[in-house]
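What follows is the residue order along each chain.
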Amino acid sequence: MSSETSAVKNLDEVEKSSQLENYDDKLGLDSLDTSDGDAALQLVGAQAAAHFSEEYNRKLRRKLDLVIPPISAAVYFCQYLDKTSLNYASIMGFPIVNQNYNLVSMAFYLGYLFWEFPTVYISQKLRLAKYLGGNIVVWGILLMLHASTDNFGAFFALRFLLGMCESCVAPCLILIISMFYKKDEQAQRIAWFYIMNGLTQVFGGFVAYGISFYAGNALPPYKIIYILLGGLAVVIGIIVLIWLPDSPVNASMLTKEERIAALERVRNDQGGTENKKFKKDQVIEALADPRTWLVVLSTILTSIPNGALSNFSNIIVKSFGYTSKQTLILSTPGGIIGSAMVIFCGWYADKKNERMIPVVFALIPTIVGAAILIGMNGSSNKGVLLFATYIIGTFGSALSTIYAYNASNTGGHTKKVTINAMTMATFSIGNIIGTEIFQPKDAPAYIPGKTAIMVLLIVQLFVSFLLRWMNVRLNRKRKAHLADLKAQRGWTDEDVQKERERHAFADLTDRQNIFFVYTC
């Protein structure tokens, strides 16, 4: 209760100083400075001059949907398949075992953590999709090189470099989605690419199952996996370089009129687009915002289970008494269930304008599944144990909803990339810890690791409700402040709309912009 009270007090102080007292001076309601505004201002200006019909906007959204979500999904499919290739290799003759296997697994997240902040700030200066595509091509080459060695040191180095290359994926995709889509469309679009986490479990399981029948001596089965997946990554990287747009301002897939319409479509959301200038004050604001640290806490609480299960799920299923071939097939339904939960949570998040309630929906089945695995340890009832492993993966959609939370609740480009970097850096820290909670000495039951997963996600339930309450409270206070300002200045509803339009692409943070509305 004391920490909650402290967070509320801190929130009061920040809100009071940044909104109630300083709107006129710092935000320039009389003379708003747009010289450091978004690149969008070059195309549409500070005031909306063009208006488009609902039908036109629907057609434009469909056009975007045919390109951005499918390519984003292909990227995420490739990333998750490549990241978890070690999970398949582990039961297909992979030469690294025991604690060295844990270390090789950890190396990916060490590289991810090491490069996360540099990569997001580099991407801010460059063409976003081009930077992403280049990284994908490089990691495809690195993945194929996994087939060239049997040495622990080489595997560790390659996994480290792979983590560095893949660290830009989620931040880049979240930024692209937030630039092209309205707040009530973002969670579903993020879900459409995040669903690949589950589908890769199905696809990868069947591919690994087919390769496991290979009886030749030319290459061990795990090396074939690495060559195939690496080649696929290179192809997808080239597709991203050619077809994925960087932002609405320079999207070659759109006509000039469509680019203007794409920007006007998102203007009222106050989220802004891209800005190449690094702004120190926005970094400071991100670090001072108590909600940032609750997002960080949420990410680590869900990432520790992710690090454990993404590398040990097949080993857990095999411990029930199945062969390696049976394990590869029996693990696939969990991916289907996880994917269904991602789609449901994304739909619910946009339909109900919620972010934290879907997180709760995602966590409960995992908590139940972990409890079953602990309570029925040693049971001969394989059907129930398999069911528990299938529902334990639903927590993954909590991470996609946290990504959507960041996209919908952050204004200011530098603040966005900072919070995305903190989220993904924490994601890597959680996954590093996760690789170590399933210790060889606890095999085959791994009871301490399963217990840790259950406890962490129960704590996350309470954090989710706290974050939601804070956003509801912020919106209530902001609505009251705006009403006071409207009365004080004698604004009509039309005046308020004009001010809202002027502030949209000024690269103001959510704290600085009184017209910004938080998604709970």
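Every chain begins its residue count from 1, and numbering advances along the sequence as written. In keeping with the model being predicted, local features are shown solely for residues with a pLDDT of at least 70 and side-chain atom pairs are shown and tallied solely at 80 or more, while totals for entire chains, interfaces and linings include all residues. As a convention, hydrogens and water are excluded, and side-chain values are obtained from all of the structure's heavy atoms.

To continue, consider the overall build of the protein chain. Strands are runs of DSSP state E lasting at least two residues, helices are runs of H or I lasting at least four, and both sets are numbered from the N terminus onward. Counting its regular elements, the protein chain contains 24 helices and zero strands. Taking contacts inside the protein chain between residues at least 6 apart in sequence as the whole, the part at least 24 apart equals 86%. Calculation of accessible area relied on Shrake-Rupley with a 1.4 Å probe; when residues are assessed, cover is drawn exclusively from the protein chains displayed. Of the roughly 19,400 Å² that the protein chain leaves accessible, carbon and sulfur atoms contribute 64%. In this tally Asp and Glu are treated as negative and Lys and Arg as positive; neither His nor the chain ends contributes. Think of each charge as sitting on NZ of Lys, CZ of Arg, CG of Asp or CD of Glu. The positive charge centre, built from 48 side chains, and the negative charge centre, built from 41, are 6 Å apart in the protein chain. Contacts were defined at the residue level, with two residues in contact if any of their heavy atoms lie within 4.5 Å.

We now examine the nonpolar core. Within this scheme, the nonpolar core is defined by two criteria: the residues are buried Ala, Val, Leu, Ile, Met, Phe, Trp, Tyr or Cys, and they are joined through side-chain atoms within 4.5 Å. Exposed residues in this analysis have more than 50% of their type's maximum accessible area, buried residues have under 20%, and partly exposed residues fall in between, with area computed by a 1.4 Å probe over protein chains only. Counting residues in each nonpolar core, the largest one holds 125 residues, and the members touching the most others are Tyr76, Phe94, Leu132, Phe180, Tyr226, Tyr403 and Phe438. Ranked by residues supplied to this core, first place goes to helix α10 (residues 169–180) with 10 residues. When near neighbours in sequence (up to four residues on either side) are disregarded, tyrosine 226 contacts Ser85, Leu86, Ala89, Phe94, Leu143, Met144, His146, Ala147 and Phe155. By size, the runner-up hydrophobic cluster in this structure holds nine residues, among which are Ala40, Ile260, Leu263 and Ala504.

All axes here are fitted lines through C-alpha atoms, helices being fitted over the stretch that makes contact, and every angle between N-to-C directions spans 0 to 180 degrees. At a minimum axis distance of 10 Å, the contact between helix α12 (residues 196–211) and helix α13 (residues 221–243) shows a crossing angle of 135 degrees. Considering their axes alone, α12 and α13 lie oblique with respect to each other. The element α12 and its partner α13 pack so that their crossing is right-handed. Of the residues in α13, those in contact with Val207, Ala208 and Ile211 of α12 are Pro221, Ile224, Ile225 and Leu228. Roughly parallel here means an angle under 35 degrees, roughly antiparallel means over 145, roughly perpendicular means 65 to 115, and every remaining angle is called oblique. For any helix crossing, the convention is left-handed if the near helix is rotated counterclockwise from the far helix by under a right angle, and right-handed if that rotation is clockwise.

Position of phenylalanine 465 relative to the elements: it lies in helix α23 (residues 447–489). The exposure class assigned to phenylalanine 465 is partly exposed, which follows from its relative accessible area of 44%. Between the alpha carbons of phenylalanine 465 and methionine 356 there is a distance of 6.8 Å; along the sequence they are 109 residues apart. Non-local contacts of phenylalanine 465, meaning those with residues more than four positions away in its chain, are made with Ile357 and Val360.

Pairs were defined over the aromatic rings of Phe, Tyr and Trp, the Trp ring being its six-membered one, requiring ring centres within 6.5 Å. Orientation was assigned from the angle between planes: stacked under 30 degrees, edge-to-face over 60, tilted for the rest. Applying the stated criterion to the full structure yields 24 aromatic pairs. Aromatic pair tyrosine 121 and phenylalanine 278: ring centres 5.3 Å apart, planes at 85 degrees, arrangement edge-to-face. Of the two residues, tyrosine 121 sits in helix α7 (residues 98–125) while phenylalanine 278 sits in the loop between α14 (256–267) and α15 (280–288), which places them 157 residues apart along the sequence. By the ring-pair criterion, three or more aromatic residues cluster together here, those being Phe94, Tyr101, Phe155, Tyr222 and Tyr226. The residue whose ring lies beneath lysine 183 is phenylalanine 516, and the NZ or CZ to ring-centre distance is 3.7 Å. Above the plane of the ring of tyrosine 322 lies lysine 382, whose end atom (NZ or CZ) is 4.6 Å from the centre. The rule for a charge over a ring is simple: NZ of Lys or CZ of Arg within 6 Å of the ring centre, and within 35 degrees of the ring normal.

Mapped onto the secondary structure, phenylalanine 462 falls in helix α23. Taking the relative accessible area as the measure of exposure, phenylalanine 462 reaches 62% and is therefore exposed. On a C-alpha basis, the gap between phenylalanine 462 and aspartate 507 in space is 33 Å, while along the polypeptide they are 45 residues apart.

With that out of the way, let us pick up the environment of asparagine 151. Following the sequence through the fold, asparagine 151 ends up in the loop between α8 (128–145) and α9 (152–166). Separated by 93 residues in sequence, asparagine 151 and arginine 58 place their C-alpha atoms 54 Å apart. Each polar contact in these results corresponds to two N or O atoms within 3.5 Å; when the atoms are within protein, one needs to be able to donate a hydrogen and the other to accept it, and residues that are neighboring in sequence are counted only if both atoms are side-chain atoms. Within the structure, asparagine 151 has its side chain in polar contact with the backbone nitrogen of alanine 154 (distance 3.0 Å).

A few words now on the side chain of threonine 149. Mapping threonine 149 onto the fold places it in the loop between α8 and α9. Assessed through its relative accessible area of 12%, threonine 149 is described here as buried. Side-chain polar atoms of threonine 149 contact the backbone nitrogen of asparagine 151, separated by 3.0 Å. Apart from the residues lying within four places of it in its own chain, the contact partners of threonine 149 are Ala154, Phe155, Leu158, Tyr222 and Lys223.

Summarising the model, the protein chain shows a mean pLDDT of 86, and 92% of its residues fall at 70 or more. For every residue, the predictor reports its confidence as pLDDT, a number between 0 and 100. For residues 1–28, every residue scores under 50 in pLDDT, and the model assigns this stretch 47 contacts once sequence neighbours within four places are set aside.

An α-helix turns once per 3.6 residues; consequently, residues spaced three or four apart project the same way. With 20 residues, helix α18 (residues 332–351) extends 29 Å from end C-alpha to end C-alpha; this agrees with the ideal 28 Å at 1.5 Å per step. Along α18, the positions that sit buried rather than exposed are Thr332, Gly334, Gly335, Gly338, Ser339, Met341, Val342, Cys345, Gly346, Tyr348, Ala349 and Asp350. Against α11 (183–194), α12, α17 (324–330), α19 (356–375), α20 (382–391) and α21 (396–409) lie the buried residues of α18. Directly after α18, the chain includes asparagine 353, whose backbone phi takes a positive value near 55 degrees. In a helix, the anticipated span is given by 1.5 Å times the number of residues less one.

With that settled, consider the pattern of salt bridges. Definition used for salt bridges: Asp or Glu carboxyl oxygen within 4 Å of a side-chain nitrogen of Lys or Arg. Applying the stated rule across the entire model yields 23 salt bridges. One salt bridge in this structure joins lysine 415 and aspartate 289, with 3.5 Å as the shortest N-O distance. Of this pair, lysine 415 sits in helix α22 (residues 413–437) while aspartate 289 sits in the loop between α15 and α16 (290–318), and the two are 126 residues apart along the sequence. Across the pair, aspartate 289 and lysine 415 agree in class, each one buried. Here the salt bridges share partners, and the residues they tie into one network are Glu285, Asp289, Arg291, Lys415, Asp510 and Arg511.

This brings us to the packing of helix α5 (residues 68–83) against α10. Between α5 and α10, the least distance of the axes is 11 Å, while the angle of their chain directions is 170 degrees. Classed by the angle they form, the pair α5 and α10 counts as roughly antiparallel. In the crossing of α5 with α10, the sense of the turn from one axis to the other is left-handed. Facing Ile68, Ser72, Val75, Tyr76 and Gln79 of α5, the residues of α10 in contact are Val169, Ala170, Leu173, Ile176, Ile177 and Phe180. Of the residues in the contact of α5 with α10, the class split is nine nonpolar, two polar and no charged. Think of it as three bins: nonpolar holds Ala, Val, Leu, Ile, Met, Phe, Trp, Tyr, Cys and Pro, charged holds Asp, Glu, Lys and Arg, and polar takes everything else, Gly as well.

Structurally, glutamate 185 is set in helix α11. With a relative accessible area of 4%, glutamate 185 lands in the buried category. A polar contact of 3.1 Å, which involves the side chain of glutamate 185, links it to the side chain of arginine 61. The residues contacting glutamate 185, other than those within four sequence positions of it, are Arg61, Arg265 and Asp350.

Below, the discussion takes up α7. Look at α7: 42 Å from first C-alpha to last across 28 residues, which is about the 40 Å you get at 1.5 Å a residue. Note that the bend at a residue is defined as the angle between axes fitted to the seven residues ending at it and the seven residues starting at it. The largest bend in α7 comes to about 50 degrees, at tryptophan 115, with the proline proline 118 one to four residues further on.

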